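Examination of the molecular architecture
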Amino acid sequence: MSFTLPELPYPKEALAPHISEKTLDFHYGKHHNTYLTNLNKLIQDTDLANESLEYIIEKTSGITSKSGIFNNAAQVWNHTFYWNSMKPGGGGKPSGRIAEEIDEHLGGYDQFVEQFKKAGATQFGSGWAWLVLNRGVLEVMKTPNADNPLAHGFTPVLTMDVWEHAYYLDYQNRRPDYIEAFINNLINWDHASSQLEKT
Ligand code: MN
């Protein structure tokens, strides 16, 4: 069994002007697809060939000889989660249970924005900013390169790709502008809320 590229949850032009169709063409069509192709090649005819993505990530994390498999598996998982972390007309202040959790554990929406911006802006080089559940408690964290909270026992709730390929065509070096647009116009809070139900 090999993994297939999941459909984007919206048309490629739907996130414009915040993320352009051209960026999604490359990011989804080339980058995400390449991680997937590499992963399928690496696990072919191995004992991981029929396992789930989550199992592969957990079993190969921290094992140097398996870093190629881990990096590609985690990047496949991270990108699918990232597409679902966004929606056209998203962003801004959430409501419902996710808002209550943010108030209770992060000190309110403004504190979330500050922490999430900082996580994205201070991730040196490539990586990801996350909202996660750590034993039921909401936290903001960042991970370098392909690293994924699942590998550390956390439950991902929301992610933002801060690899340059996520924003360079639209924002060049202006990562803070991309982060601003992500928070104000793209976050899919419905998807984030649905992750809370998984624990
Ligand atoms: Mn990416």
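Residues numbered from 1 in each chain as written. Predicted model: local features only at pLDDT ≥ 70, side-chain atom pairs only at ≥ 80, totals over all residues. Heavy atoms only, no water.

Let us now look at the coordination of the manganese ion. For the manganese ion, the full set of protein donor atoms is His27 (NE2), His79 (NE2), Asp161 (OD) and His165 (NE2), at a range of 2.0 to 2.1 Å. Each donor residue of the manganese ion lies on the same chain, and together they follow the pattern H-x51-H-x81-D-x3-H. One end of the pair, His27, is in helix α1 (residues 21-43); the other, His165, is in the loop between β3 (155-161) and α6 (168-171), and 138 residues separate them in sequence. Residue classification places His165 among the buried positions, given a relative accessible area of 17%. (Donors = N, O, S within 2.8 Å, 3.2 Å for Na, K, Ca; no water. Helix = DSSP H or I, 4+ residues; strand = E, 2+ residues; numbered from the N terminus. Buried < 20%, exposed > 50% of the residue type's maximum accessible area, 1.4 Å probe, protein only.)

Here we come to the domain arrangement of the protein. On domain assignment, one finds that the protein holds domain 1 (21-84) and domain 2 (97-197). The gap between the C-alpha centroids of domain 1 and domain 2 is 20 Å. Contact with domain 1, which involves 20 residues of that partner, is made by 24 residues of domain 2. Buried area between domain 1 and domain 2, both sides added, is near 1,800 Å², and the carbon and sulfur share of it is 65%. The three residues of domain 1 that bury the most area against domain 2 are Thr23, Phe81 and Tyr82, which together make up 35% of that side's buried surface. The interface formed by domain 1 and domain 2 includes zero salt bridges. Applying the counting rule to domain 1 against domain 2 returns eleven residue pairs in polar contact (both at pLDDT 80 or more). Mapped onto the side of domain 1 that touches domain 2, the elements with two or more residues apiece are α1, α2 (53-60) and α3 (67-84). In terms of residues, the side of domain 1 that touches domain 2 owes the most to one element, α3, which gives ten residues. (Domains from an automatic or database assignment. Contact = heavy atoms within 4.5 Å. Buried area = accessible area lost by both parts, 1.4 Å probe. Salt bridge = Lys/Arg side-chain N within 4 Å of Asp/Glu carboxyl O. Polar contact = N/O pair within 3.5 Å; in protein donor to acceptor, adjacent residues only side chain to side chain.)

This part takes up the packing of α2 against α3. Packing of α2 against α3 brings their axes to within 9 Å, and their N-to-C directions diverge by 140 degrees. When the axis of α2 is compared with that of α3, the two are oblique. Considering only the axes of α2 and α3, their crossing is left-handed. Residues Leu53, Glu54, Ile56, Ile57 and Thr60 of α2 touch α3, and the partners they reach there are Ile69, Phe70, Ala73, Ala74, Val76 and Trp77. Its residues placed into classes, the contact of α2 with α3 shows nine nonpolar, one polar and one charged. (Axes fitted to C-alpha atoms, helices over the stretch in contact; angles between N-to-C directions. Parallel < 35°, antiparallel > 145°, perpendicular 65-115°, else oblique. Left-handed = near helix turned anticlockwise from the far one by under 90°. Nonpolar A, V, L, I, M, F, W, Y, C, P; charged D, E, K, R; others polar.)

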